[in-house]
Amino acid sequence: MSDIREYLKDHILYLDGGMGTLLQKRGLKPGELPERWNITHPEIITELQKGYFDAGSNVIYANTFGANSLKFDDEELTAIIHGALDVARAAREQSKATQEKFIALDIGPMGRLLKPYGDMDFDEAVEVYAKTVRIGSKYGADLICIETMNDSYDTKAALLAAKENSDLPVFVTNAYGEDGKLMTGASPAAMIAMLEGMHADAIGANCSLGPVQLRGVVEEYVKYASVPVILKPNAGLPRSVDGETVYDVMPDEFSSIMQEYADMGVRVLGGCCGTTPDYIRATVDKTLPDMAKTIEKNPVTDKEITIISSYTHAVEFNDSPVLIGERINPTGKKRFKQALRDEDIDYILGEGLKQQDAGAHVLDVNVGLPEIDEPALLDKVTCELQAIIDLPLQIDTTDPVAMERALRHYNGKPLINSVNGKQAVMDEVFPLAAKYGGLVVALTLDEDGIPDTSCKRVEIARKIIDEAAKYGIKPKDLLFDTLAMTISADTGAALATLQSLHIIRKELGCHTSLGVSNISFGLPQRELVTSTFFALALEEGLSAAIMNPHSQEMMKVYHTYRALHDLDENCMDYIEFAQNYVPAGPAGGNGAGTAAGGTAGASGAGAGTSEGGSGLASGQATDGSKDEYGSPLKRAIVKGLKEQAANITRDLISKGNASLEIVNDEIIPALDIVGQGFEAKKMYLPQLLMSAEASQCAFEVIKEDMASHPGEAVSRGKFVIATVHGDIHDIGKNIVKLIMENYGFEVYDLGKDVPPEDVVKEAERTGAPIVGLSALMTTTVPAMEETIKLLKEKLPEVKTVVGGAVLTQEYADAIGADFYAKDAMATVRYALEVVGG
């Protein structure tokens, strides 16, 4: 048997299809865990998997999708995974088909959100996945397939566990919604950036939707991915017919669409929910005859795209300059230094929010002070910033321990700041970049210091490129800083910087970055020099600038450059900037501009920065006003600032504002702003959750006050919620619970894997008029139907609302639900309608 990575180089790889629906047809009961069939019904699993091998599948996913230590104890987990691999091997041996055959350890999501949006630590999640990986590796899996992941952070935890605990090939597929994003907001480009950075061997999409609905996702993968692309869609959309789940795309149509995708460059083809061996056979029949021609037309090639990502989106380095906000850095900033000493996180978050509002694309994060625990604080600040800001971050530290901790917990592919030509530094930083992924800022200095000439700086750049290659780090993942030095000390300094920048960008083909404000240190009216130097550097090929986005002069150069270089469609961004531009003058001072804050670019060792700006004082917007949200409390809730929301609420109460007025006039309208943004796809789940957390902090203050006023109440009604029997995935349920509570509902959460009888008993006990039911897996939808049927029989007046990845409106109607909620906000709207709120 060949290595699957080698096999992929000149073959289309065929995966298997759905398993859950086939098991249901063979007798899997509602609420029964399919993984246990590896022990109790091994002959059925072998028969079904043999059917896929016979149909032409190269890869069978072992029956281990939900096999993890959250569901099974260690002894049973080992037996289940060992058994799964044994029955898959039996299927391979029994099949007479002659194609190459591989067996994958299948890893699905745990069904829990990780902190800060959930209650599970990232490293705890890594260890849960690691247990599964270690057992699967021990008992002979040929590869690991991580699938149906709907959260980028959970995906990272699973991939990291696979890489740290085995040397097997790893495939990763994510489940995208109709908007082309993961549940927590990640775009395909963001996932490609992170997964390729961590060296996944093949990546793509599976589940949730049919092949037609995934076209936009596939196109993005084919455009950006430099590794083989996987597609494993459902057989269309599900519905229930006479109690049986059926899908609306038949094998012939399915295989024709898959043939189109193969012609576009998708290299790995399979099926998910609703697909059977017939779907795989049809796909093989249509694509195998022309495989050689298809592969020749669409070889897997390095796309040479330089890209970083946050948990929502990617930032691509190309002709349009990338602005890296420099303000989260203690150099020359007394107030920021004090915030670091005090661990005043709200102040630091305020600096981040202000730079985001000012137009920064990336935020530099440097917390280096001698007297603090830098590894702990950098990790904390990175996580807190990612909780409320969706910009990619630049992890800026010279401490390798701090760097690794922050990189491990970063959600996405960050900028890594920095490496240089010193061998000791490269030995420390490149292994971290290779393991966790990242775009590495590379300073053109070495053991001899900063060279005076451009030739020597370029020579160091070549040395760094060669050393990075030893770790599998390509030139596209290096961002060279040719070091801006002040012209007040050396009037030729700018020329050496610009010349080396030009050569590295134009001849070596690498992207570049500068801490541009250093050029003017020690001179009067620094912005005159800094902004002009910025313009010159852009003309020489500067890709990114570490700068102060509040500087009007710098932003003027940025917008005019983009307009003049045809990078601003219809000059719309420039026009918007110009409409708010305040020219400097005797009356207006420096307008909106501030003194150019400085950093040493990547090294973070610059000097001469101005204090510039301030953090977020309690009760103030980031610019000191109420801004577009109308009040400080609304803004704090919308932005997800928990401590601030509580402080403002406490202050409002102390000034005589009634608790109910605060709820109705401040908290609920703020949640509505976020809810409407979420429904309009302008905000994503993490922002919704952090806003809910902030409002929860405000509510806690309200509750304290109302304890002394027993006559007041904020309850809008009662709501029972549960994940149905047999399903341990409670992400959706927990999200709905949080949002419903913040809208004033009393929520009775029964947890996960809840039998129908328990749901009915709780609805009867509480008198709740609405019951919410959640299910992630196709195999547990019958349990949802059974629960609804029992509720209708025992409590006909109670309304049921259902949701989950496998559900559609038609499916919900067929199982008798009163309302299908596509997301948490839809549940809120329906509940308000039911209770008349």
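Residues numbered from 1 in each chain as written. Predicted model: local features only at pLDDT ≥ 70, side-chain atom pairs only at ≥ 80, totals over all residues. Heavy atoms only, no water.

### Describing the overall build of the chain
For clarity, the threshold we go by: Secondary structure elements are taken from DSSP: a helix is a run of H or I of four residues or more, a strand is a run of E of two residues or more, and numbering for both begins at the N terminus. Each radius of gyration is computed over the set of C-alpha atoms, and the globule rule expresses the reference value as 2.2 Å times the number of residues to the power 0.38. Two residues form a contact once any of their heavy atoms are found within 4.5 Å. Reported accessibility uses the Shrake-Rupley method at a 1.4 Å probe radius. Residues are deemed covered only where the shown protein chains occlude them.
When helices and strands are tallied, the chain shows 31 helices and 25 strands. Rg of the C-alpha trace for the chain: 28 Å, near the compact-globule value of 28 Å for 837 residues, within the 12% margin. Taking the principal axes of the C-alpha coordinates as reference, the chain spans close to 80 × 75 × 50 Å. A sequence separation of at least 24 residues applies to 76% of the contacts in the chain between residues at least 6 apart. Put simply, the chain shows about 30,400 Å² of open surface, and 51% of that area lies on carbon and sulfur atoms.

### Details of the packing of aromatic side chains
This is how it is decided: Between rings of Phe, Tyr and Trp, where Trp is taken as its six-membered ring, a pair exists when centres lie within 6.5 Å; planes separated by under 30 degrees are stacked, by over 60 edge-to-face, and by other angles tilted. A simple rule labels every residue: compare its accessible area, found with a 1.4 Å probe on the protein chains alone, to the largest value its type can have, and call it buried under 20%, exposed over 50%, or partly exposed in between. Any Lys NZ or Arg CZ found within 6 Å of a ring centre and within 35 degrees of that ring's normal is scored as a charge over the ring.
Here the structure, examined in full by the defined rule, presents nine aromatic pairs. With a centroid separation of 5.8 Å and 50 degrees between ring planes, the pair formed by Phe-577 and Tyr-581 is classed as tilted. Take Tyr-581: its relative accessible area is 26%, and that puts it in the partly exposed class. Sitting over the ring of Tyr-347, Arg-335 keeps its end group 4.1 Å from the ring centre. Lying across the ring of Phe-678, Lys-681 places its NZ or CZ 5.9 Å from the centre.

### What to know about the sheet that holds strand 10 (residues 268-269)
Filter applied, for reference: Strands qualify as paired when DSSP identifies two bridges or more between them. Here, axes are lines fitted to C-alpha atoms. For helices the fit covers the stretch in contact, and angles between N-to-C directions go from 0 to 180 degrees.
Across the sheet, which stays open at both edges, the eight strands sit in the order 1-10-7-6-5-4-3-2 with parallel pairing between neighbours. The open sheet terminates on both sides in strands that have one partner only, identified here as strand 1 (13-14) and strand 2 (59-61). Where strand 5 (residues 170-174) and strand 6 (residues 202-206) come together, four bridges link them in parallel fashion. Note on strand 6: the bridge partner recorded for Asn-174 is Ala-205. Of the strands in this sheet, strand 3 (102-107) and strand 4 (143-149) touch helix 6 (residues 122-138), which is tilted by about 160 degrees from strand 3.

### So, the environment of Val-241
Among the structural elements, Val-241 can be located in strand 8 (residues 238-241). Counting along the chain gives 577 residues from Val-241 to Asp-818, while the straight-line C-alpha distance between them is 18 Å.

### Side note on the pairing of strand 8
Of the two faces of strand 8, the one lined by Pro-238 and Ser-240 is fully buried and the one lined by Arg-239 and Val-241 carries no buried residue. As paired strands, strand 8 and strand 9 (residues 244-247) are joined by four bridges and run antiparallel to one another. Bridge assignment links Ser-240 to a residue of strand 9, and that residue is Thr-245.

### Points about the domain arrangement of the chain
We apply this condition: Where each domain starts and ends comes from a domain assignment, either automatic or drawn from a database. When two parts are put together, the accessible area they lose, computed with a 1.4 Å probe and summed over both, is reported as buried area. We define a salt bridge as a side-chain nitrogen of Lys or Arg found within 4 Å of a carboxyl oxygen belonging to Asp or Glu. Think of a polar contact as two N or O atoms within 3.5 Å of one another; within protein, one of them needs to be a possible hydrogen donor and the other a possible acceptor, and neighboring residues in sequence only count if both atoms come from side chains. We call Asp, Glu, Lys and Arg charged. Ala, Val, Leu, Ile, Met, Phe, Trp, Tyr, Cys and Pro are nonpolar, and the rest, Gly among them, are polar.
Taken domain by domain, the chain consists of domain 1 (16-225), domain 2 (306-585), domain 3 (605-708) and domain 4 (717-835). Domain 1 and domain 4 are separated by 27 Å when their C-alpha centres are compared. Summing both sides of the interface, domain 1 and domain 4 together bury roughly 1,500 Å²; the carbon and sulfur share of this comes to 69%. At the junction of domain 1 with domain 4, the criterion picks out zero salt bridges. Across the domain 1-domain 4 interface, the total number found is one residue pair in polar contact (both at pLDDT 80 or more). Each residue belonging to the side of domain 1 that touches domain 4 can be placed in one class, and the counts come to eight nonpolar, six polar and two charged.

### A closer look at helix 26 (residues 685-706)
Rules: One less than the residue count of a helix, multiplied by 1.5 Å, gives the span that helix is expected to have.
Given a rise of 1.5 Å per residue, 22 residues ought to cover 32 Å, and the 30 Å separating the end C-alpha atoms of helix 26 matches this to within 8%. With respect to burial, helix 26 is a largely interior element, 17 of its 22 residues being buried.

### Here's the deal with the packing of helix 19 (residues 493-506) against helix 20 (residues 526-539)
Formally: Reported orientations rely on four angle classes, namely roughly parallel under 35 degrees, roughly antiparallel over 145, roughly perpendicular from 65 to 115, and oblique for the rest. Rotating anticlockwise by less than a right angle from the far helix to the near helix defines a left-handed crossing, while the corresponding clockwise rotation defines a right-handed one.
Here helix 19 crosses helix 20 at 25 degrees, and the two axes come no closer than 9 Å. Judged by the inter-axis angle, helix 19 sits roughly parallel to helix 20. Helix-helix and strand crossings are classified by hand; for helix 19 and helix 20 the assignment is right-handed. On helix 20, the residues that touch Ala-494, Thr-497, Leu-498 and Leu-501 of helix 19 are Phe-533, Leu-536 and Ala-537. Among the residues forming the contact of helix 19 with helix 20, the class breakdown is six nonpolar, one polar and no charged.

### Thoughts on the pairing of strand 18 (residues 478-481)
Every second residue of strand 18 is oriented toward a common face, with Leu-478 and Phe-480 on one face and Leu-479 and Asp-481 on the other, all of them buried. Where strand 17 (residues 439-443) meets strand 18, four bridges bridge the pair, whose relative direction is parallel. Bridge pairing links Val-441 to Leu-479 in strand 18. Summarising the sheet, strand 18 and strand 19 (residues 511-515) pair through three bridges and their orientation is parallel. From the neighbouring strand, Asp-481 faces strand 19, where its bridge partner is Ser-513.

### Considering the sheet that holds strand 17
Strand order in the closed barrel made by the eight strands is 13-14-15-16-17-18-19-20, with parallel pairing throughout. Adjacent strand axes in the sheet meet at a mean angle of 30 degrees, parallel and antiparallel pairs treated alike. Sheet topology note: the strand 13 (residues 322-325)/strand 20 (residues 544-547) ladder contains four bridges and is parallel. Of the residues in strand 20, the one forming a bridge with Leu-323 is Ala-545. Sheet contacts for helix 16 (residues 400-409): strand 15 (393-396) and strand 16 (415-420); angle to strand 16, the most-contacted strand, approximately 150 degrees. Together, strand 16, strand 17 and strand 18 form the strand contacts of helix 18 (residues 454-469), whose direction differs from that of strand 18 by roughly 160 degrees.

### Concerning helix 24 (residues 642-654)
For helix 24, built from 13 residues, the straight-helix expectation of 18 Å at 1.5 Å per residue is met to within 8% by its first-to-last C-alpha distance of 19 Å. In the core, the buried residues of helix 24 are packed alongside helix 14 (345-358), helix 23 (632-639), helix 25 (659-679) and helix 26.

### Here we look at the state of the cysteines
Convention followed: Note that a disulfide, as used here, is simply two cysteine sulfur atoms within 2.5 Å.
Considering all chains together, one arrives at zero disulfides under this definition. Sulfur of Cys-455: no disulfide; nearest cysteine sulfur belongs to Cys-510 and is 17 Å away.

### Some details on the pattern of salt bridges
In the structure shown here, the tally under the stated rule is 46 salt bridges. A salt bridge links Arg-562 to Asp-573; the shortest N-O distance between them is 3.0 Å. Of this pair, Arg-562 sits in helix 21 (residues 552-564) while Asp-573 is found in helix 22 (residues 572-579), placing the two residues eleven residues apart along the sequence. According to the relative accessible area criterion, Arg-562 is buried, its value standing at 10%. Between Asp-749 and Lys-737 there is a salt bridge, with the nearest N and O atoms lying 3.7 Å from each other. Taken together, the positions of Asp-749 in strand 22 (residues 745-749) and Lys-737 in helix 27 (residues 731-742) put the pair twelve residues apart, joining distant regions of the chain. Take Lys-737: its relative accessible area is 26%, and that puts it in the partly exposed class.

### Thoughts on empty space enclosed by the protein
Which parts of space are left empty comes out when a probe the size of a water molecule is rolled across the atoms. For clarity, the cut-off: Grid points spaced at 1 Å over the protein atoms alone were grouped into cavities, where a 1.4 Å probe fits but cannot get out, and pockets, open sets with protein on both sides within 12 Å along at least five of seven lines, with lining residues defined by an atom within 4 Å of a point. Grid points are joined across faces, edges and corners, and a volume is the space filled by probe spheres set on the points.
Tallied over the entire structure, the rule returns three cavities of 30 Å³ or more. Each pocket or cavity is described by its volume, and for the largest cavity that value is around 50 Å³. Along the walls of the largest cavity sit Cys-207, Ser-208, Asn-234, Pro-238, Tyr-247, Ala-805 and Val-806, which together make up its complete lining. Looking at the lining of the largest cavity residue by residue, the classes come out as five nonpolar, two polar and no charged. Of the volumes computed, that of the second largest cavity is approximately 40 Å³. Lining the second largest cavity we find Thr-64, Phe-65, Ala-67, Asn-68, Asp-106, Ile-107, Gly-108, Tyr-129 and Thr-132.

### Brief notes about the nonpolar core
Selection rule: The term nonpolar core refers to a set of buried residues drawn from Ala, Val, Leu, Ile, Met, Phe, Trp, Tyr and Cys, joined through side-chain atoms within 4.5 Å.
Core analysis: the largest hydrophobic core is formed by 208 residues, its most contacted members being Ile-146 and Ile-667. Looking at this core, the element that brings in the most residues is helix 26, giving eleven residues. In this structure Ile-667 touches Leu-633, Ile-637, Ile-662, Ser-695, Ala-698, Phe-699 and Ile-702, once residues within four positions along its chain are discounted. Among the nonpolar cores identified, the runner-up in size contains 27 residues, and Leu-790, Val-806, Ile-815 and Tyr-820 belong to it.

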